Amino acid sequence: MSETKRALITGITGQDGSYLAELLLEKGYEVHGIIRRASTFNTHRIDHLYQDPHDPDARLFLHYGDLTDASRLVTLIAKVAPQEVYHLAAQSHVRVSFDEPEYTGNTTGVGTTRLLEAIRMAGIDTRFYQASSSEMFGATPPPQNEDTPFYPRSPYGAAKVYGYWIARNYREAHDMYAVNGILFNHESPRRGETFVTRKIARAAARIKLGIDTDVYLGNLDAVRDWGYAPEYVEGMWRMLQADEPTDYVLATGTAYTVRDFVRFCFDHVGLDWQEHVKFDRTYLRPTEVDSLIGDATKAQEILGWKAQVLPPELASIMTQAELDAHRG
Ligand code: NAP
Ligand code: G4F
């Protein structure tokens, strides 16, 4: 009988972490997740996966830790000794990164080095996934693939470029199996409420149900390549099962504006979006990323990965989930 594989997920309480934990548990892994202590509950996305850690059959274990706390990461990596590490934790909000550039650099950027260094110090044979981002391409025009030059347009994008290169450096300098998944925007009903797709889907449902009347948004002209998060975590897993470590783009290859996504969500509830969407400059960024459209040919050829859910269907899934949740 083969030994149970152990994986560690940073950011397990986030959108991707929760779907990845489900996937790895389904695949028979023992899953360890790092969570932050907060004054309010922050585990709602994984509460349905809870297992009593004292149960001899338990396969999900949660540990307190933080990307800014190097000694804790060293202790945890040595204790868990995971065969696979999925590094998803980050201050992941682009707009917020302009308000908190140093904190974003510390967590999203240097936090990656702390984790890689903890693995190197433990001397364990671990495969490492770095959650890189299409935000790294920033101002470089689409289509963007693994060879496209980076030109980040935010402190978040700059921190992710650092994370990308430090992961590559550990691969080259220390012969570590480290890969960058350069993921384009991916969404779901578990998306954070202040990201634009979830904000729009939630607003369309609440307006339909008479709870709200309007929603305030910023730039409607930005073009994004939006996919479905559960498919993207499958891609992450496939990257760590490949023979050789290399970097991959995951994207749908489709291009829609924020305005298009608004229309899809409001169409789903049978409302005219122009009667409910208002402009608020608060949501503009000092520097915007105008257009992200990914080319995931490499992932399709090597990993057999291809996005199935495209933005019009994604908008329906998310808006319907909001209607269902609000109706109870
Ligand atoms: P998310 O929902 O914002 O989740 C972020 C996770 O990181 C949460 O679990 C959060 O914990 C944790 N975290 C934040 N700061 C931390 C710290 N200092 N120490 C420990 N944990 C910390 O993000 P996501 O959408 O799942 O994205 C996952 C990763 O992929 C992120 O690195 C993101 O930057 C990257 N990415 C996302 C996309 C996308 O479209 N979703 C695309 C490309 C790359 P709390 O729950 O306690 O806040
Ligand atoms: O949903 P967003 O905040 O996502 P953004 O900035 O593209 O970043 C997300 O995707 C990245 C991958 O490319 C990830 F790395 C990152 O962690 C995050 O998950 O904004 C999308 C677009 C932007 O152009 C923004 O200016 O929507 C525009 N927008 C217009 N009104 C808005 C709003 N964005 C937000 N969050 N809120 C608004 O009211």
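Residues numbered from 1 in each chain as written. Chains lettered and ligands numbered in written order. Predicted model: local features only at pLDDT ≥ 70, side-chain atom pairs only at ≥ 80, totals over all residues. Heavy atoms only, no water.

1. Examining the site of ligand 1
- Around ligand 1 there are 25 residues in total, and Thr 13, Arg 36, Leu 88, Ser 92 and Tyr 156 lie nearest to it.
- Leu 67 has a polar backbone atom sitting 3.0 Å from a nitrogen atom of ligand 1.
- For ligand 1, whose free accessible area comes to 900 Å², the fraction covered by protein is 89%.
- Contributing elements (two or more residues each) for the shell around ligand 1: helix H1 (15–26), helix H4 (101–122), strand E5 (127–133) and helix H5 (155–173). (Near = heavy atom within 4 Å. Polar contact = N/O pair within 3.5 Å; in protein donor to acceptor, adjacent residues only side chain to side chain. Areas by Shrake-Rupley, 256 points an atom, 1.4 Å probe, with all protein chains shown as cover. Helix = DSSP H or I, 4+ residues; strand = E, 2+ residues; numbered from the N terminus.)

2. Some points on the sheet that holds strand E3 (residues 60–64)
- Taken together, the seven strands give an open sheet; going across it, the order is E3-E2-E1-E4-E5-E6-E11, and neighbouring strands pair in parallel fashion. Edge strands, defined here as strands with exactly one partner in the open sheet, are E3 and strand E11 (248–250). The average undirected angle you get between the axes of adjacent strands in this sheet is 20 degrees.
- Both strand E1 (residues 6–10) and strand E4 (residues 84–87) contribute to a ladder of four bridges, which runs parallel. (Pairing = 2+ DSSP bridges. Axes fitted to C-alpha atoms, helices over the stretch in contact; angles between N-to-C directions.)

3. Here we look at the site of ligand 2
- Around ligand 2 sit 24 residues in total, of which Ser 133, Ser 134, Tyr 156, Arg 285 and Glu 288 are the nearest.
- At a separation of 2.6 Å, an oxygen atom of ligand 2 approaches a polar side-chain atom of Ser 134.
- In the environment of ligand 2, an oxygen atom lies 2.8 Å from a nitrogen or oxygen atom belonging to the side chain of Lys 199.
- In isolation ligand 2 offers 720 Å² of accessible surface; the protein chains occlude 96% of this area.
- Listing elements by their share of the shell around ligand 2, those giving two or more residues are helix H6 (196–208) and strand E8 (215–217).
- Here the shell around ligand 2 is built from residues that sort into ten nonpolar, eight polar and six charged. (Nonpolar A, V, L, I, M, F, W, Y, C, P; charged D, E, K, R; others polar.)

4. Quick notes on the environment of His 44
- The residue His 44 is located in the loop between strand E2 (30–35) and E3 in this model.
- For His 44, a relative accessible area of 56% corresponds to the exposed category.
- His 44 sits 61 residues away from Gly 105 along the chain, and the two C-alpha atoms are 27 Å apart. (Buried < 20%, exposed > 50% of the residue type's maximum accessible area, 1.4 Å probe, protein only.)

5. Examining the packing of H1 against helix H7 (residues 229–241)
- Interaxial distance between H1 and H7 falls to 9 Å at its minimum, and their mutual angle equals 65 degrees. The two elements H1 and H7 cross, and the hand of that crossing is right-handed. Of H7, the residues touching H1 (which contributes Gln 15, Asp 16, Tyr 19, Leu 20, Leu 23 and Leu 24) are Ala 229, Pro 230, Val 233, Glu 234, Met 236 and Trp 237.
- In terms of residue class, the contact of H1 with H7 is built from nine nonpolar, one polar and two charged. (Left-handed = near helix turned anticlockwise from the far one by under 90°. Contact = heavy atoms within 4.5 Å.)

6. Description of unusual backbone geometry
- The omega torsion across Pro 142 and Pro 143 is -5 degrees, close enough to zero to call that bond cis.
- By secondary structure assignment, the location of Pro 143 is in the loop between E5 and H5.
- Residues other than glycine seldom take positive phi values, yet Ala 81 does so here, at roughly 45 degrees.
- Its location among the elements puts Ala 81 in the loop between helix H2 (70–80) and E4.
- Judged by relative accessible area, Ala 81 falls into the partly exposed class, the value being 22%.
- The phi dihedral of Asp 175 is positive, around 55 degrees, even though this residue is not glycine.
- Tracing the backbone through its elements, the reader meets Asp 175 in the loop between H5 and strand E6 (177–183).

7. Brief notes about the nonpolar core
- Core analysis: the largest hydrophobic core is formed by 47 residues, its most contacted members being Ile 9, Leu 20, Leu 24, Val 31, Tyr 86 and Tyr 129.
- With seven residues, H7 is the single largest residue contributor to this core.
- For Tyr 129, the residues in contact, after removing those within four places along its chain, are Val 85, Tyr 86, His 87, Leu 88, Val 179, Gly 181, Leu 183, Met 236, Met 239 and Leu 240.
- The next biggest cluster of nonpolar side chains, apart from the first, holds 26 residues, and it includes Val 215, Leu 220, Val 262 and Phe 264. (Core = buried A, V, L, I, M, F, W, Y, C linked by side-chain atoms within 4.5 Å.)

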